[in-house]
Amino acid sequence: MAQSIETHSTGGAREQMLQLFGKPWSGVAMLGIFYLILIAVFSVLSPYFLTLRNMLQIGGNVAYIGLMAAAGTPLIIAGGLDLSVAAIAGLTGVVISMLHGMGFPIWIGVLLAIVVAAAIGVVNGLFTTRLRLNPLIVTLGMMSIISGIALVLTGGLTRPLMVPGFNWVGSGRVIGIPIPFIIMMVTFVGLWIVMTKMRFGRYIYAAGGNAEASRLIGIPLEKTVITLYVISAISGAVAGTILGAMLGAAGPTAAGSQLLTVIAAIILGGTSLNGGRGSVWGTLLAVLILGTLNNGLTLLNVSSFWQDVTRGVVLMLAVSLDQIRTRALGE
């Protein structure tokens, strides 16, 4: 009798846990708890960590990465992938600095660089939809082309980009909040509205969930995916603009090393590489986790070599927890 009651109690607890895991926000909630634990640990280990100035600094530093990850999230949900976004960020800084050096007003240079990025996004979209080529191969090739062009244009050298009004975008503040962080948050909120409140958002999830069925019921699959590639490319251009404004210089490979961080943030945020599942808030938390980890380890004087090891361990731990949750639901 007692064994029966215990079995029934255990089964009830498991059922409640599965119901909790089944909530749409459960993955984001787990990341939020993980982030709070991370903040608590670093707050105990370093007296300089939990200050308003440092927390805002983290937000400002990860903003250009967050921008690329934010736009990459709906693209991966729709079944696409953009490995050229970081290279576009590097090329954008180069284009702006060259046009400014030729006498163009700085903001005209920014506008033209965004137009170039949008054109690259169209090419990526056409190759993956009309020719049905693997997005990994297409964008990997595009990344190589763009990086090569940026190196040819600069000779591999970093170009100065010191323009007072322009640099304010990278280092200025509004009521104490870094401008890049504000731009990143506006982007996340805008994408959340599009993905949850608008018809285009339903197209995104449908395209990634079952492309053939979506096409049969009349969803404009190609147009949706091409639009997402253009948005991703423009996010790369905006990220490159912010990075150039922050550094006061434009390097042809300035953002190239952050590509893995961008992809890692999207996956860590719960977005499935198979498409059809994910949210921008999970990506935002993942970006903050990775940025906080980097900041906390630097404050603790941990060498950059061990920082790479620690980031890898945390990434694997967080993804493992999400996989346990997913398997418990039988997805």
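Residues numbered from 1 in each chain as written. Predicted model: local features only at pLDDT ≥ 70, side-chain atom pairs only at ≥ 80, totals over all residues. Heavy atoms only, no water.

**Observations concerning the pattern of salt bridges**
(1) Moving on: Counted according to the given criterion, the structure contains two salt bridges.
(2) Moving on: In this structure, Glu 222 and Arg 130 form a salt bridge, with 2.8 Å as the shortest nitrogen-oxygen distance. Remark: Arg 130 occurs in the loop between α6 (106–129) and α7 (135–154) and Glu 222 occurs in helix α12 (residues 221–247); sequence separation between them is 92 residues.
(3) Moving on: As a salt-bridge pair, Arg 215 and Glu 212 come within 3.0 Å of each other at their nearest N and O atoms. With Arg 215 and Glu 212 both in helix α11 (residues 211–216), this residue pair falls three residues apart, about one helical turn.
(4) Moving on: Look at Arg 215 and you get partly exposed, because its relative accessible area is 31%. (Salt bridge = Lys/Arg side-chain N within 4 Å of Asp/Glu carboxyl O. Helix = DSSP H or I, 4+ residues; strand = E, 2+ residues; numbered from the N terminus. Buried < 20%, exposed > 50% of the residue type's maximum accessible area, 1.4 Å probe, protein only.)

**Here's the deal with α12**
In an α-helix, one turn spans 3.6 residues, which is why side chains three or four residues apart end up on the same side.
(1) Moving on: An ideal rise of 1.5 Å per residue puts 39 Å on 27 residues; α12 measures up with 39 Å between its terminal C-alpha atoms.
(2) Moving on: Where burial is concerned, most of α12 is hidden: 19 out of the 27 residues are buried.
(3) Moving on: Residue Gly 248 follows α12 closely and has a positive phi angle near 70°. (Expected span 1.5 Å × (residues − 1).)

**Concerning the packing of α6 against α12**
(1) Moving on: Two elements in contact, α6 and α12, have axes separated by 7 Å at closest approach and are oriented at 145°. For the pair α6 and α12, the sense of crossing is right-handed. Each of Val 110, Ala 113, Ile 114, Ala 117, Ala 118, Gly 121, Val 122, Asn 124, Gly 125, Leu 126, Thr 128 and Thr 129 in α6 lies in contact with α12, whose residues at this interface are Glu 222, Val 225, Ile 226, Tyr 229, Val 230, Ala 233, Ile 234, Ala 237 and Thr 241.
(2) Moving on: Here the contact of α6 with α12 is composed, by residue class, of 14 nonpolar, six polar and one charged. (Axes fitted to C-alpha atoms, helices over the stretch in contact; angles between N-to-C directions. Left-handed = near helix turned anticlockwise from the far one by under 90°. Contact = heavy atoms within 4.5 Å. Nonpolar A, V, L, I, M, F, W, Y, C, P; charged D, E, K, R; others polar.)

**Details of the UniProt feature "transmembrane region" (unreviewed entry) in the chain**
(1) Moving on: Residues annotated by UniProt as "transmembrane region" (unreviewed entry) correspond here to residues 27–50, 62–92, 104–126, 133–154, 174–194, 225–249, 255–273 and 280–306.
(2) Moving on: From the first C-alpha to the last, residues 104–126 spans 31 Å; its make-up is 91% helix and 0% strand. (UniProt positions renumbered as here; feature names shortened; annotations may be inferred.)

**With respect to the packing of helix α2 (residues 26–45) against helix α14 (residues 280–299)**
(1) Moving on: With their axes 10 Å apart at the nearest point, α2 and α14 run at an angle of 15° to one another. In terms of their interaxial angle, α2 and α14 are classed as roughly parallel. The two elements α2 and α14 meet at a crossing, and its hand is left-handed. Of the residues in α14, those touching α2 at Val 28, Leu 31, Gly 32, Phe 34, Tyr 35, Leu 38 and Phe 42 are Trp 281, Gly 282, Leu 285, Leu 288, Ile 289, Thr 292, Leu 293, Gly 296 and Leu 297.
(2) Moving on: Along the lines of polarity and charge, the residues of the contact of α2 with α14 split into twelve nonpolar, four polar and no charged. (Parallel < 35°, antiparallel > 145°, perpendicular 65-115°, else oblique.)

**Examining the environment of Leu 299**
(1) Moving on: Inspection of the secondary structure puts Leu 299 in helix α14.
(2) Moving on: The class of Leu 299 is partly exposed, set by a relative accessible area of 31%.
(3) Moving on: Taking C-alpha positions, Leu 299 is 7.0 Å from Ser 46, a pair spaced 253 residues apart along the chain.
(4) Moving on: With sequence-adjacent residues up to four places away left out, Leu 299 is seen in contact with Ser 46, Tyr 48, Phe 49 and Asn 54.

**Quick look at the side chain of Asn 295**
(1) Moving on: Here Asn 295 lies in helix α14.
(2) Moving on: Dropping the residues within four chain positions of it, Asn 295 is found in contact with Phe 49, Asn 54 and Ile 58.

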